[in-house]
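# Residue-level structural notes
Next come the chains, spelled out residue by residue.
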Amino acid sequence: MEPVNDLQSEIQERSLSQEGTRQSLNTRLFMQLHVYTGCVDAPALVEAVKHRGLECVLYQDVNDPKGIGILAMSEDPVTLVTRHRDLLISSPFRELVAKPEFTMVGRTYAGGYETDLENWLLRRPRLTTRNPEWLWAIWYPLRRSGAFAKLPPQEQGAILREHAMIGRAYGEADLGHDVRLACYGLDVHDNDFVIGLIGKALYPLSHIVQAMRKTRQTSEFIQSMGPFFVGYVLWQAPVKGEG
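Okay, so let's go over this structure. What you are looking at is a predicted structure, and each value in this text was computed from that prediction instead of being measured. (Residues numbered from 1 in each chain as written. Predicted model: local features only at pLDDT ≥ 70, side-chain atom pairs only at ≥ 80, totals over all residues. Heavy atoms only, no water.)

## Description of the environment of A98
- Structurally, the position occupied by A98 is in strand β6 (residues 97-98).
- Here A98 falls in the partly exposed class, since its relative accessible area comes to 47%.
- Each C-alpha atom of the pair A98 and I68 lies 9.5 Å from the other, and the pair is 30 residues apart in sequence.
- With residues up to four places along the chain from it excluded, the contact list for A98 reads V35 and Y36. (Helix = DSSP H or I, 4+ residues; strand = E, 2+ residues; numbered from the N terminus. Buried < 20%, exposed > 50% of the residue type's maximum accessible area, 1.4 Å probe, protein only. Contact = heavy atoms within 4.5 Å.)

This is the structure in structure tokens:
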């Protein structure tokens, strides 16, 4: 059994900066998406949310004319089952019909090479999901097959880099930006990750998914993917210190 001190270190998020400085942080951002149908008064939902002081985004569901999605985020997951839950069981949300098959939850995580760990874990996801110029979003869960975990670390790294290079290219062109969440043990369907693709226009986000299908990771090692929630922002909580 590992010593307690080693385990305390192991559960921290860690990365190595470009200067070779080791970074560690034991804080991360939890995000949860709830989806509903039956909405005929979207402005009433905005009014119910915007005075609560919660960090969240309201989406209109592209695939359901009465559909609504609400993305909540907090560094403390207790918020999701207290203040955020209080919102969802109050009017007008309690009059809606939940679509639990679209519920997604996850936590930000470090890949090990982030130059600014705190920004990656806490600030970047907030700015990405709540940028007033990036109003389109595609959210979906995925699960890798067990075969990926059995690959040598170097081969895993090459596969992940291929995937990351595509995402980086779209981001640098301002065509799409990603939010990656780990959901091990948090998802009712035992998914590994939740992915959010955010941008100014819908087509490039669809094109990212198309481009990713050709990678080795997706074509060989993804066991399941979806369902996909496609949303257009109805309201975003401002990011503290922005605007």
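## Overview of the pattern of salt bridges
- In this structure the tally under the stated criterion is 14 salt bridges.
- Between E95 and R94 there is a salt bridge whose closest N-O contact spans 3.5 Å.
- For R94, a relative accessible area of 55% corresponds to the exposed category.
- Several salt bridges converge on common partners, so that one network encompasses E55, E75, R126 and R130. (Salt bridge = Lys/Arg side-chain N within 4 Å of Asp/Glu carboxyl O.)

## Considerations on the packing of aromatic side chains
- Applying the stated criterion across every chain yields a total of seven aromatic pairs.
- Judged by centre distance (6.2 Å) and plane angle (65 degrees), the ring pair of Y36 and F93 falls under edge-to-face. In this pair, Y36 sits in strand β3 (residues 30-37) while F93 sits in the loop between α3 (83-88) and β6, placing the two residues 57 residues apart along the sequence. Each member of the pair Y36 and F93 is classed as buried.
- Aromatic pair Y184 and F193: ring centres 5.6 Å apart, planes at 70 degrees, arrangement edge-to-face.
- Owing to a relative accessible area of 7%, F193 belongs among the buried residues under this scheme.
- Here the aromatic cluster, defined as three or more aromatic residues joined through ring pairs, consists of Y109, Y184 and F193.
- The lysine or arginine in question, R144, covers the ring of F148, its NZ or CZ lying 4.4 Å from the ring centre. (Phe/Tyr/Trp six-rings, centres within 6.5 Å; stacked < 30°, edge-to-face > 60°. Lys NZ or Arg CZ within 6 Å of the ring centre and 35° of its normal.)

## A word on the side chain of H84
- Examined against the element boundaries, H84 turns out to sit in helix α3.
- On the basis of relative accessible area, H84 is assigned to the buried category, the value being 1%.

## Let's talk about the packing of helix α6 (residues 153-172) against helix α7 (residues 202-212)
- Put simply, α6 and α7 touch, their axes get as near as 10 Å, and they point 160 degrees apart. One finds that α6 runs roughly antiparallel with respect to α7. Pair α6 / α7 crosses with right-handed handedness. The segment α6 lies against α7, with H163, I166, G167 and Y170 engaging P204, H207, I208, A211 and M212.
- Of the residues contributing to the contact of α6 with α7, the split by class is six nonpolar, three polar and no charged. (Axes fitted to C-alpha atoms, helices over the stretch in contact; angles between N-to-C directions. Parallel < 35°, antiparallel > 145°, perpendicular 65-115°, else oblique. Left-handed = near helix turned anticlockwise from the far one by under 90°. Nonpolar A, V, L, I, M, F, W, Y, C, P; charged D, E, K, R; others polar.)

Don't take any of this as a statement about function, it's just geometry.
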